[in-house]
Amino acid sequence: MFSLMQSYPKIFQLTYLTPLKSNFLHFLNLQQAPRIHFYYKTPAPFRYFAASKMEKKQWQKHFFPLLLTIFFFSTFPYKTSLALQDDYIRQPPGKVVVTPHHRSQSDPQQVHISLVGKDYMRITWITEDKGVPSKVDYGKISGKYNAMAEGEHTSYHYFFYSSGKIHHVTIGPLEPGTTYYYRCGGHGPEFSFKTPPPTFPIEFVVVGDLGQTEWTASTLAHVDSKDYDVFLLPGDLSYADAQQPLWDSFGRLVEPYASRRPWMVTEGNHEIEIFPIIYPHGFQAYNARWLMPYEESGSTSNLYYSFDVAGSHIIMLGSYTDFDENSDQYKWLEADLAKVDREKTPWVIMLLHAPWYNTNSAHKGEGESMRKAMEDLLYEARVDVVFAGHVHAYERFTRIYNKKADPCGPIYITIGDGGNREGLALTFENPPSELSLYREPSFGHGRLRVIDETRAHWSWHRNNDSDAYVADEVWLESLTTSESCWTNTEDRSDDSKVNKDEL
Ligand SMILES: [Fe+2]
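Only a predicted model underlies this, so the values are computations on that prediction, with no experimental measurement involved. (Residues numbered from 1 in each chain as written. Predicted model: local features only at pLDDT ≥ 70, side-chain atom pairs only at ≥ 80, totals over all residues.)

What to know about the overall build of the chain
Next, step 1: Scanning the chain for helices and strands turns up 12 helices and 24 strands.
Next, step 2: Counting all 503 residues of the chain, 47% fall into the buried class.
Next, step 3: In the chain, the proportion of contacts linking residues at least 24 apart, taken out of those at least 6 apart, comes to 72%. (Helix = DSSP H or I, 4+ residues; strand = E, 2+ residues; numbered from the N terminus. Buried ≥ 20, exposed ≤ 12 C-beta atoms within 10 Å, placed from the backbone. Contact = placed C-beta atoms within 7 Å.)

This is how it looks when you write it as structure tokens:
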């Protein structure tokens with residue numbers, strides 16, 4: 001809790017003030033320069049009144065809950081957050097794509113699947129009709145369901161918003177590398193998915209800061225143009241930013257992809273949605289909608305967990321929950337890493353939201369306290385790769401430990417360029433650090449194809465109009481097979497204490 005409190009001002013600023021500012025401009029159509037000037041000239045408590053009569057009506061009719069929020073926050077000195085944003089120039093963001101609901105009230109919507117323990121899959125969907133049962137019929141032949149599983153359901157309220165019935169049903173045991181057909185709640189269309197392979201090769205798609213813009217649609221189309229096994233998302237999903245209907249819209253946008261392959265996610269700052277006093281703990285929508293296998297991995301929070309799939313141990317950390325040495329997350333991570341059997345899972349891959357290494361001007365230093373708290377654990381466990389999001393650009397580093405190149409440290413990759421509505425983080429620091437091997441502010445996605453226990457191929461696919469262009473690629477070697485990294489650990493750790501590069 002202490003570390004959360006320490007970072008609270010920044011979380012508060014980034015989670016509420018920045019998105020609220022952009023929402024305010026968006027909904028009041030105040031994007032034109034003269035009006036922005038007029039808007040900012042107006043003293044903070046009276047900015048709402050700078051809007052025209054018609055615009056006020058729009059707000060009151062469609063965005064009344066958000067209006068209250070803005071009124072509350074307009075008393076805060078949020079010039080600081082604007083200054084933070086102005087440190088770098090952003091490309092024009094893509095338009096938000098609002099995905100409507102076309103099916104009946106009892107039909108499933110926002111269907112997505114996630115891995116939950118060995119050979120099991122959790123099916124999650126939402127119905128407006130609260131009477132629909134939480135059950136899934138499934139089988140290996142289309143239209144012939146020889147198995148059925150029942151599960152649980154939940155729902156939540158956020159100010160005046162009430163969610164639909166959120167169903168979670170775990171099905172299995174399932175055969176690996178097999179296509180299954182399924183129907184949710186006994187209603188609506190048939191869906192299908194393919195289970196991951198039992199062993200190598202396996203292909204992960206990695207996309208951070210996805211959002212729901214035209215760029216998001218383009219990224220997902222590129223992802224879908226080539227087969228893969230598991231989708232990994234290191235935080236910032238819907239960019240709903242407390243506008244709960246946008247969570248529904250996001251669920252519908254990603255359904256064609258997330259109902260076909262497991263989507264494993266961790267939280268970013270846009271998932272927090274804390275509102276002081278009323279919703280002090282945050283993550284209400286995220287935890288209800290994107291339930292991950294935390295209990296199965298011994299975690300007590302949906303905000304961090306791990307799972308095994310085809311020779312890979314994947315760890316999802318939480319940048320926005322406690323991570324100091326006395327925290328539950330730290331103790332859980334320590335225990336989780338101690339349990340890893342590199343014979344069974346030669347690859348150890350970690351995802352989190354705020355990058356520990358970053359040469360972009362955006363979000364500089366935001367992952368530093370977490371790095372200081374946890375980097376030793378990763379290093380000692382010989383974690384192979386760490387993916388982060390948050391910075392809206394792509395950057396690949398060499399292997400690093402304690403701000404210094406180290407052949408036994410993880411490779412760090414920032415991939416926060418999925419398609420968010422805030423635009424790109426264009427400014428990288430110069431001269432570039434020798435630790436940063438490739439960096440580019442473009443939208444795109446990554447693919448990690450793990451060939452065997454030793455080799456994996458990483459590629460970054462830039463959204464280049466209608467094609468996904470491979471702009472960066474590299475072969476990776478698992479640290480499991482590096483003999484030198486499992487001997488003289490203490491010597492190497494001492495040697496790495498000198499900080500040469502400030503990242
Ligand atoms: Fe973020």
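Side note on the sheet that holds strand β23 (residues 455–464)
Next, step 1: Pairing within the open sheet is mixed, and its six strands lie in the order β13-β12-β11-β22-β23-β24. At either margin of the open sheet sits one strand with a lone partner, and together these are β13 (263–266) and β24 (467–477). The sheet shows a mean angle of 20° between the axes of neighbouring strands, taken without regard to direction.
Next, step 2: Sheet topology note: the strand β11 (residues 202–206)/strand β12 (residues 230–234) ladder contains three bridges and is parallel. Bridge pairing in β12 places F204 opposite V230. (Pairing = 2+ DSSP bridges. Axes fitted to C-alpha atoms, helices over the stretch in contact; angles between N-to-C directions.)

Some details on the packing of helix α10 (residues 328–339) against helix α11 (residues 368–381)
Next, step 1: Contact geometry of α10 with α11 gives a least axis separation of 10 Å together with a crossing angle of 5°. Here α11 runs roughly parallel to α10, going by the angle between their axes. Within the contact between the two elements, α10 uses Y330, L333, E334 and L337 and α11 uses A373, M374, L377 and A381.
Next, step 2: Here the contact of α10 with α11 is composed, by residue class, of seven nonpolar, no polar and one charged. (Parallel < 35°, antiparallel > 145°, perpendicular 65-115°, else oblique. Nonpolar A, V, L, I, M, F, W, Y, C, P; charged D, E, K, R; others polar.)

What to know about the pairing of β12
Next, step 1: Along β12, five of the five residues are buried, which leaves the element largely enclosed by surrounding structure.
Next, step 2: Side chains V230, L232 and P234 of β12 all project onto a buried face; the interleaved residues F231 and L233 project onto the opposite face, where all are buried too.
Next, step 3: The handedness of the β11 to β12 crossover, carried by helix α7 (residues 214–224), is right-handed.
Next, step 4: Here four bridges tie β12 to β13, and the two strands are oriented parallel to one another. Within the sheet, the bridge partner assigned to P234 lies in β13 and is T266.
Next, step 5: Between the parallel pair β12 and β13, the chain is carried across by helix α8 (residues 245–258), and the sense of this crossover is right-handed. (Right-handed = clockwise from strand over helix to strand, strands pointing away.)

Topic: the sheet that holds strand β2 (residues 121–127)
Next, step 1: Read across the sheet, four strands follow the order β1-β2-β8-β5 without closing on themselves; strand pairing throughout is antiparallel. Both outer strands of the open sheet, β1 (109–115) and β5 (152–154), are each paired with one neighbouring strand and no more. Neighbour-to-neighbour, the strand axes of this sheet turn through a mean angle of 20°, independent of strand direction.
Next, step 2: Sheet topology places β2 next to strand β8 (residues 165–171); seven bridges connect them, and they run antiparallel. Looking at β8, one finds that T127 is bridged to K165.
Next, step 3: Each of β1 and β2 touches α8; the most contacted strand, β1, lies at about 55° to it.

Considerations on α11
Next, step 1: Helix length check: α11 (14 residues) gives 20 Å between terminal C-alpha atoms against 20 Å at 1.5 Å per residue, within 8%.
Next, step 2: The largest bend in α11 comes to about 50°, at M374.
Next, step 3: Residues M370, R371, M374, E375, L378, Y379 and A381 constitute the buried set of α11.
Next, step 4: If you follow the buried residues of α11, they end up packed against α10, β16 (347–351), β17 (385–388) and β18 (394–401).
Next, step 5: Count one or two residues on from α11 and you reach R382, which has phi positive near 60°. (Expected span 1.5 Å × (residues − 1). Bend = angle between axes of the 7 residues up to and from the residue.)

Concerning α8
Next, step 1: Given a rise of 1.5 Å per residue, 14 residues ought to cover 20 Å, and the 19 Å separating the end C-alpha atoms of α8 matches this to within 8%.
Next, step 2: Its axis deflected by about 30° at R252, α8 carries its strongest bend there, up to four residues before the proline P256.
Next, step 3: Where α8 is buried, its residues meet β1, β2, α7, β13 and α9 (284–289).

Comments concerning the environment of Y279
Next, step 1: Checked against the element boundaries, Y279 lands in the loop between β13 and α9.
Next, step 2: Through-space distance from the C-alpha of Y279 to that of F159 is 9.3 Å; in sequence the pair is 120 residues apart.
Next, step 3: Those residues in contact with Y279, other than ones at most four positions away along the chain, are E273, I274 and Q284.

Topic: unusual backbone geometry
Backbone phi values are negative for most residues with the exception of glycine, while trans is the configuration of most peptide bonds.
Next, step 1: Residue P173 follows G172 across a cis peptide bond; omega there is 5°.
Next, step 2: As for its placement among the helices and strands, P173 is situated in the loop between β8 and β9 (179–184).
Next, step 3: Residues N430 and P431 are joined by a peptide bond in cis, for which omega reads -5°.
Next, step 4: Inspection of the secondary structure puts P431 in the loop between β20 (411–415) and β21 (436–440).

Regarding the nonpolar core
Next, step 1: Ranked by internal contacts, the top residues of the largest apolar core, which has 105 residues, are I123, L232, M264, M316, M350 and F387.
Next, step 2: Residue contributions to this core peak at six residues, all from α8.
Next, step 3: Once you skip the residues sitting within four places of it in the chain, F387 turns out to touch V206, L232, P234, L351, I413 and I415. (Core = buried A, V, L, I, M, F, W, Y, C linked by C-beta atoms within 7 Å.)

Regarding the environment of G188
Next, step 1: Locating G188 in the fold gives a position in the loop between β9 and β10 (191–194).
Next, step 2: Taking the number of C-beta atoms within 10 Å as the measure of exposure, G188 has 18 and is therefore partly exposed.
Next, step 3: When the C-alpha positions of G188 and S104 are compared, they lie 8.1 Å apart, and in sequence the two are 84 residues distant.
Next, step 4: Not counting residues within four places of it along the chain, the set of residues in contact with G188 comprises R103, D107 and P108.

What to know about the confidence of the model for the chain
Next, step 1: With 78% of its residues at a pLDDT of 70 or more, the chain has an overall mean of 85.
Next, step 2: For the stretch residues 1–45, pLDDT sits under 50, and the model shows 58 contacts to residues farther than four places along the chain or on other chains.
Next, step 3: Note on residues 69–90: pLDDT under 50 across the span, and 36 contacts to partners over four residues away in sequence or across chains. (pLDDT = per-residue confidence, 0-100.)

Looking at the environment of Y138
Next, step 1: Considering the arrangement of structural elements, one finds Y138 in strand β3 (residues 135–139).
Next, step 2: The class of Y138 is buried, set by 25 C-beta atoms lying within 10 Å.
Next, step 3: Here the alpha-carbon distance between Y138 and I171, two residues 33 residues apart in the chain, equals 8.3 Å.
Next, step 4: In this view, Y138 contacts Y145, A147, I171, Y180, Y181 and Y182; residues no more than four positions away in its chain are not counted.

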